[in-house]
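# Structural characterization, general
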Amino acid sequence: MFSKDIRVVLVGVEGSINLGFVARLCKNFGINRLYLVNPSASINEEALRFAVKGSDVLQNAVIIDSLDKIISDVDVMACTSSVIPLDKDPIRQALELKEFVEKIENYKSVAIVFGRESTGLTREELEKCHMYVHINAFKEYPVLNLSHAVAIVLYELFNKYGVERSIDLVEKPDKKDFEVMERILLKAVSKTFPRERVNEVYTSLRRIIYKSQPTLTELRLLTRTLSKLVNRLETLSKKCEERSGEALD
Ligand code: SAH
């Protein structure tokens, strides 16, 4: 899901496998509605098979006959193309995908238009769009497969505007978790180094831990390991003290 209304529009899609893959991608990134402008491919068994859990997106795809229906409904309509022309073609002045993602920050609804596998988008279709977006690639062959282009675009958009993200299921430590670790780290360092070195070693190790941005599980494992080591050291030194006491008796 997105914090914006993001619409995927395929113009004249030709392959049912690509169509299925794109429906699956929509599902992967929480987009429920897919727009198909004059598709050549049909929503057949093959497309549904490749859509996997996105088959409902495919079955509910909205088929229209012109990009005009999209542009009247969104704040921004952007076209995508692999073509960076050698001449100074004014309608093909590209915005790289990452820049595009930043530039749509203030718009609520954005349609991203993808072209036919064989010929891309026509000049007339390109002219209708507010922005011309290119995915940076090796200049000798920057033409991506349609569904791969959709994947990259949705991934970049999701990184900036995605909500209910799978990665947020990884638990992050809070201030308290770090405080517990710091107490035990200081103890461990104090038991390992001479007093005059404790502060610098502790500062350095603490910085390494903060830089590594551990997950909650990782930080707790570290804290528990240090804590067990400190306990063992304390038990050992107690035993040593008892033994040396016994020897003196
Ligand atoms: N010969 C066509 C190939 C189209 S590939 C052409 O170059 O236009 C099918 C679609 O995938 C394109 O219309 C575009 O929407 C998308 N695409 C492929 N490579 C891309 C790239 N590097 N940047 C942006 N979109 C790309």
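Just above, that's the structure.
Presented here is a report on the structure given in the accompanying data block. Not measured: the values here are computed from a predicted model. (Residues numbered from 1 in each chain as written. Predicted model: local features only at pLDDT ≥ 70, side-chain atom pairs only at ≥ 80, totals over all residues. Heavy atoms only, no water.)

## Some remarks on the sheet that holds strand β5 (residues 95-96)
Note on sheets: strands pair through backbone hydrogen bonds, and any given pair is parallel or antiparallel. This is how the line gets drawn: In this scheme, strands are said to pair when DSSP sees at least two bridges between them. A helix here means a DSSP run of H or I that spans at least four residues, while a strand means a run of E at least two residues long, and both kinds are numbered starting from the N terminus. Note on contacts: a residue pair qualifies if any of its non-hydrogen atoms lie within 4.5 Å across the two residues. Axis definition: a line fitted to C-alpha atoms, over the contacting stretch in the case of helices. Angles run 0 to 180 degrees between N-to-C directions.
Within the open sheet, the seven strands sit side by side as β3-β2-β1-β6-β4-β7-β5. Their pairing is parallel. Looking at which strands have only one partner, the edges of the open sheet turn out to be β3 (62-64) and β5. Relative to strand β2 (residues 34-37), strand β1 (residues 5-11) is paired through four bridges, and the arrangement is parallel. Following the sheet pairing, V9 is matched in β2 by Y35. Running over the sheet, helix α1 (residues 16-28) touches β1 and β2 and is turned about 150° from β2. Set on the sheet, helix α7 (residues 146-161) makes contact with β1 and β6 (109-114); between it and β6 the angle comes to about 160°.

## Looking at the site of the ligand
Defined as follows: Nearness is judged by heavy atoms alone; a residue qualifies as near a molecule or strand once a single heavy atom is within 4 Å of it. Pairing of N or O atoms within 3.5 Å defines a polar contact, subject to two protein rules: one partner must be a possible hydrogen donor and the other a possible acceptor, and residues neighboring in sequence count only if both atoms are side-chain atoms.
Taken together, 19 residues sit near the ligand, with T80, S82, I135, P142 and L144 positioned nearest. I135 is positioned with one of its backbone polar atoms (N or O) 2.8 Å from a nitrogen atom of the ligand.

## Things to note about the environment of V101
Applied cut-off: Buried means the residue's accessible area, taken with a 1.4 Å probe over protein chains only, is under 20% of the maximum for its type, while exposed means over 50%, and partly exposed covers the values in between.
Summarising the element assignment, V101 is placed in helix α5 (residues 97-103). By relative accessible area, which is 4% here, V101 ends up buried. When the C-alpha atoms of V101 and S212 are compared, they prove to be 28 Å apart, with 111 residues separating the residues in sequence.

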